[in-house]
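# Architecture at a glance
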Amino acid sequence: MESTRSGLVHPMMTRGPLTVLVVDDEQRSLETLRRTLEEHFTVFTAASAEEGNVVMGREFVHIVVSDQRMPGTSGVEFLRGVRAQWPDTVRLILSGYTDVEEIIAGINEAGIWQYLMKPWHADQLLLTLQSAADLWRLQQENQRLSLELRDSPEYLARQVTSRRVKAKAQAGFDRLTRAADSPLNEVCALATKIAGHDLSVLITGDSGTGKELLARAIHYASPRAEASFVVENCSALPDTLLEGELFGHKRGAFTGATEDRIGLFQQADGGTLFLDEIGETSPAFQVKLLRALQEGEVRPVGSPRPVAVDVRIIAATNRDLDADVASGRFREDLYYRIAGMTLYLPALRERPQDIPLIANELLKRSSVTERRLSDAAMNSLVRYSWPGNVRELQNEIRRALALGEGTVLGAELLSQRVSQPMKSRALPSDSADGEGQSEAERESGLLKHRLERLEEQIIRTSMARHKGNKTRVADELGLTRLGLRMKLTRLGLEEA
């Protein structure tokens, strides 16, 4: 099959790195973006929309990332033209502004897939671009299958069933990799029990602990597994857009609403709606969400009539919602509506026994050839506290794979904060005026040291108050007994 600019692409073309066009009128920003992306993509750059169009006409571009505020033509206007001429290209906007009408116009008129806010972070940018690459490949495969199966609905039905079975197999509780003595086992056992009961679930825990993975596992273990599992990050959009995303809207309901849009509640009808970062919603929006959950129906923006929906809600947050309810920041009635059952996902530092298993699993998924971590590298991973949890561990594995050349990946391939944790945690006084450390590194080490000391003080006080009864201490601190025991060991308080 021949490749075309507007049609399908032969599957062989998708095996190498995809191409990304970055359009930004600021040369320094353009160069920084190029350096960040070129290790994973073939990168073209343009300093204006006009130059971008020239590149689009000359090269086969899979993904476009455009700055919004540029002289002459805005990013939305440029991407509107890209959509018209090269509809297969995945389009993203990079902006330091949050103008609601601008965002709506971008979504509706230019078909923009993601808004990236400035200042951007390299890890998050790469993850977003890798997701965009996956989206492009899936779009091409979907088009190819649609053509191949156009005259065979029976075969297509079998394929859909097969893919649903595969999705279910890939979303089970075993996807939460863990050891035999992991505190995660208790969480998964409880989640398995409640999966078949149609009650709402609130999943709490730090960012990057796998809350969406747990939510998917619950969905696919439930009677709703044959219906949709739909995800929305509540912190990614302002209230106006979030309402339109969840409830849908009618054409002309507000500026930029150029067509009817079915909301995520309707898309999830019969299935599960996962509301990530629900603690970031405003009190005003919480009222609308509560009404939808209580009445079992949603009213699309601009519509005179409500639409009945049957949806199971699984929500997630890294905030302390109990404290937010007490302060009035989060509505108490909504809290009890979404927290039919609360599950806490322990942070990676609370389950170090899982780290070798997770690291090896990530290596297996990411590496074409058989590669493994050296004992020193694995020891460094186990010793590190992982403030970014599994997401941060995944980035370290990717780094080691990218930098390593042999079969064994050594500790020198890891970032310094992981391979030399004691050095990064050292106080400025531990070296001659902090020689060799930047001011930011010294401040980071000081903060970590103080937090550990504060944690130690809190645990000592609680142990003294409960006369060493670890069960009562764990309950008071919101930990499992195993989680408390690991903290005691890490802080040298095991005999306390």
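It should be noted that the structure appears before, not after, this text.
This write-up is about the structure you can find in this document.

Conventions we followed
- Residues numbered from 1 in each chain as written.
- Predicted model: local features only at pLDDT ≥ 70, side-chain atom pairs only at ≥ 80, totals over all residues.
- Heavy atoms only, no water.
- Helix = DSSP H or I, 4+ residues; strand = E, 2+ residues; numbered from the N terminus.
- Buried < 20%, exposed > 50% of the residue type's maximum accessible area, 1.4 Å probe, protein only.
- Contact = heavy atoms within 4.5 Å.
- Areas by Shrake-Rupley, 256 points an atom, 1.4 Å probe, with all protein chains shown as cover.
- Core = buried A, V, L, I, M, F, W, Y, C linked by side-chain atoms within 4.5 Å.
- Pairing = 2+ DSSP bridges.
- Axes fitted to C-alpha atoms, helices over the stretch in contact; angles between N-to-C directions.
- Parallel < 35°, antiparallel > 145°, perpendicular 65-115°, else oblique.
- Left-handed = near helix turned anticlockwise from the far one by under 90°.
- Expected span 1.5 Å × (residues − 1).
- Salt bridge = Lys/Arg side-chain N within 4 Å of Asp/Glu carboxyl O.

### A word on the overall build of the chain
Of regular secondary structure, the chain possesses 21 helices and 16 strands. Residues counted as buried form 45% of the 496 residues belonging to the chain. Excluding contacts between residues fewer than 6 apart, the proportion of contacts in the chain whose partners are at least 24 apart in sequence is 68%. With the model as given, the accessible surface of the chain reaches about 25200 Å², and the carbon-plus-sulfur share is 50%.

### Quick look at the nonpolar core
With 28 residues, the main nonpolar core has Leu246, Phe265, Leu273, Leu275, Ile278, Leu289 and Ile338 as its most contacted residues. At the level of secondary structure, the elements contributing two or more residues to this core comprise α9 (239-247), α10 (264-267), β10 (272-276), α11 (283-295), β13 (312-317) and α13 (332-338). The greatest single-element share of this core, amounting to 5 residues, is contributed by α11. Not counting the four nearest positions on each side in its chain, Ile338 is found in contact with Ser200, Val201, Leu202, Ile278, Leu293, Ala315, Leu321 and Phe330. Tyr384, Trp386, Leu414 and Val418 belong to the second largest nonpolar core, which has 21 residues in total.

### Quick notes on the sheet that holds strand β2 (residues 42-46)
Taken together, 5 strands build an open sheet; the order of strands is β2-β1-β3-β4-β5 and the sheet is parallel. Because the sheet does not close on itself, it has two edges, and the strands there are β2 and β5 (114-117). Between one strand axis and the next, the sheet turns by 20° as a mean value, whatever way the strands run. As paired strands, strand β3 (residues 63-67) and strand β4 (residues 90-95) are joined by 5 bridges and run parallel to one another. Each bridged residue has a counterpart across the sheet, and for Asp67 the counterpart in β4 is Leu94. Across the sheet, helix α2 (residues 49-58) lies against β1 (19-23), β2 and β3, angled at about 165° from β1, the strand it touches most.

### As for the packing of α9 against α11
Following both chains from N to C, one finds α9 and α11 inclined at 15°, their axes separated by 10 Å at the closest point. Relative to α11, the element α9 is oriented roughly parallel. Crossing handedness for the pair α9 and α11: right-handed. Contacts from Asp239, Leu242, Glu243, Leu246 and Phe247 in α9 reach Ala284, Phe285, Lys288, Leu289 and Ala292 in α11.

### Brief notes about the environment of Ile459
Tracing the backbone shows Ile459 in helix α19 (residues 439-465). Of the residues examined, Ile459 reaches a relative accessible area of 3% and is grouped as buried. A C-alpha to C-alpha distance of 9.4 Å links Ile459 and Ala474, two positions 15 residues apart in sequence. Discounting chain neighbours no more than four positions away, the residues touching Ile459 are Leu477, Leu484, Lys487, Leu488, Leu491 and Leu493.

### Looking at the sheet that holds strand β7 (residues 229-233)
Here we have 5 strands laid out as an open sheet, ordered β7-β10-β13-β6-β14, and parallel in their pairing. In this open sheet, the two edge strands, each paired with only one partner strand, are β7 and β14 (341-344). Here the strands of the sheet are splayed against their neighbours by 20° on average, with no regard to which way each runs. The sheet contact formed by strand β6 (residues 201-204) and β14 spans 4 bridges and is parallel. Within β14, the residue paired with Leu202 across the bridge is Thr342. Sheet strands in contact with helix α8 (residues 211-220) are β6, β7, β10, β13 and β14, and its direction is about 155° off that of β7.

### A closer look at helix α16 (residues 389-403)
In a regular helix each residue adds 1.5 Å, so 15 residues correspond to 21 Å; α16 covers 22 Å between its end C-alpha atoms and thus fits that length. Every buried residue belonging to α16 is among Asn389, Glu392, Leu393, Asn395, Glu396, Ile397, Ala400 and Leu401, and all of these are buried.

### Some remarks on the pattern of salt bridges
All chains considered together, the criterion is met by 21 salt bridges. Close ionic contact of Glu31 with Arg35 constitutes a salt bridge, the shortest N to O distance being 3.8 Å. Within this pair, Glu31 and its partner Arg35 are both found in helix α1 (residues 27-37), separated by 4 residues, close to a single helical turn. The residue Glu392 makes a salt bridge to Arg417 at a minimum N-O spacing of 3.1 Å. Here Glu392 is found in helix α16, whereas its partner Arg417 is found in helix α17 (residues 416-419), with 25 residues between them in sequence. With a relative accessible area of 9%, Glu392 lands in the buried category. With a relative accessible area of 35%, Arg417 lands in the partly exposed category. Residues participating in the shared-partner salt-bridge network are Glu31, Arg34, Arg35 and Glu38.

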